[in-house]
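# Breakdown of the fold
Residues per chain, in single letters:
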Amino acid sequence: MTRVELPTVADTHAFGRHLAGLLRAGDLVLLTGPLGAGKTALTQGIGAGLGVLGDITSPTFVIARVHRPDPATGRGVALVHADAYRLGSASDPRAEIDDLDLDASVEDSVTVVEWGEGLVEQLVDAHLRVRLDRRDDDTRVVELEPVGGDWATRLAALTVAR
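Residues numbered from 1 in each chain as written. Predicted model: local features only at pLDDT ≥ 70, side-chain atom pairs only at ≥ 80, totals over all residues. Heavy atoms only, no water.

### Brief notes about unusual backbone geometry
Threshold: Each helix is a run of DSSP H or I of at least 4 residues and each strand a run of E of at least 2, with the numbering of both proceeding from the N terminus.
Unusually for a residue other than glycine, aspartate 138 sits at a positive phi of about 75°. Its location among the elements puts aspartate 138 in the loop between strand S6 (127–134) and strand S7 (140–147).

### Some details on the nonpolar core
In plain terms, the rule: Nonpolar cores were defined as sets of buried Ala, Val, Leu, Ile, Met, Phe, Trp, Tyr and Cys residues, with membership established by side-chain atoms within 4.5 Å. Burial classes follow relative accessibility: with a 1.4 Å probe on protein chains only, a residue under 20% of its type's maximum area counts as buried, one over 50% as exposed, and anything between as partly exposed. Contact between two residues is taken to exist if any of their heavy atoms lie within 4.5 Å; hydrogens are not considered.
Membership of the largest hydrophobic core comes to 28 residues, with the highest contact counts inside it found for Phe15, Ile46, Leu79, Leu128, Val130 and Leu144. Residue assignment for this core shows that the elements contributing at least two residues are strand S1 (2–6), helix H1 (9–20), strand S2 (28–32), helix H2 (39–50), strand S5 (109–114), S6, S7 and helix H5 (151–161). If sequence neighbours within four positions are ignored, leucine 128 has contacts with Leu19, Leu28, Val29, Leu30, Leu144, Glu145, Pro146, Trp151 and Leu155. By size, the runner-up hydrophobic cluster in this structure holds six residues, among which are Leu30, Ala82, Ala84 and Val113.

### With respect to the confidence of the model for the protein chain
Reading predicted coordinates in detail is not appropriate for stretches of low pLDDT. Inclusion rule: Note on scores: pLDDT gives the predictor's confidence for each residue, bounded by 0 and 100.
Taken as a whole, the protein chain shows an average pLDDT of 82; of its residues, 75% reach a score of 70 or greater. The least confident element of the protein chain, judged by mean pLDDT, is helix H3 (residues 93–99) at 49; the most confident is S6 at 96.

### A look at the pattern of salt bridges
Our working rule: Salt bridge, as applied in this entry: a Lys or Arg side-chain nitrogen positioned within 4 Å of an Asp or Glu carboxyl oxygen.
Here the structure, examined in full by the defined rule, presents nine salt bridges. Between aspartate 150 and arginine 24 there is a salt bridge, and its shortest N-O distance comes to 2.5 Å. Here arginine 24 lies in the loop between H1 and S2 and aspartate 150 lies in the loop between S7 and H5, a separation of 126 residues in the sequence. Taking relative accessible area as the criterion, arginine 24 reaches 39% and is therefore assigned partly exposed. Shared partners join several salt bridges into a network, and the residues in it are Arg3, Glu5, Arg135 and Glu143.

### Remarks on the environment of alanine 25
As for its placement among the helices and strands, alanine 25 is situated in the loop between H1 and S2. Residue class for alanine 25 comes out partly exposed when judged on its relative accessible area of 39%.

Put into structure tokens, the structure is as follows:
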């Protein structure tokens, strides 16, 4: 597991941009943590690092947004940003996840799901679990846990580059 402390929201964005350098089509990133911990801020940084179009805002009320790559500056990989927070109270949240058709886009996109733990892991064989917490001084503590695949190797490169 890799652990990083990020003193400001700007640092959280910058870390997301840096993390985006490790991401490729087919990747699933699960973000967990309390409200206000920085999940959307991290995703904004990931989107900036991927060079996608559109403002990245919390998808809580629309459940999922697709951000297409900017042909002029992007890396050619779309970002699917989903929020399963409102699905947690559904009688069958996995059925609602299925209704989002995330499996239709997961191979061609980087998929980031907030509050998706226990709901979306079956979409891929390996994923990155990111736990965010916010201290009283607003420092974000980020823990990255590789789950299968080559995530441990990729995270080692992130640690070296930091």
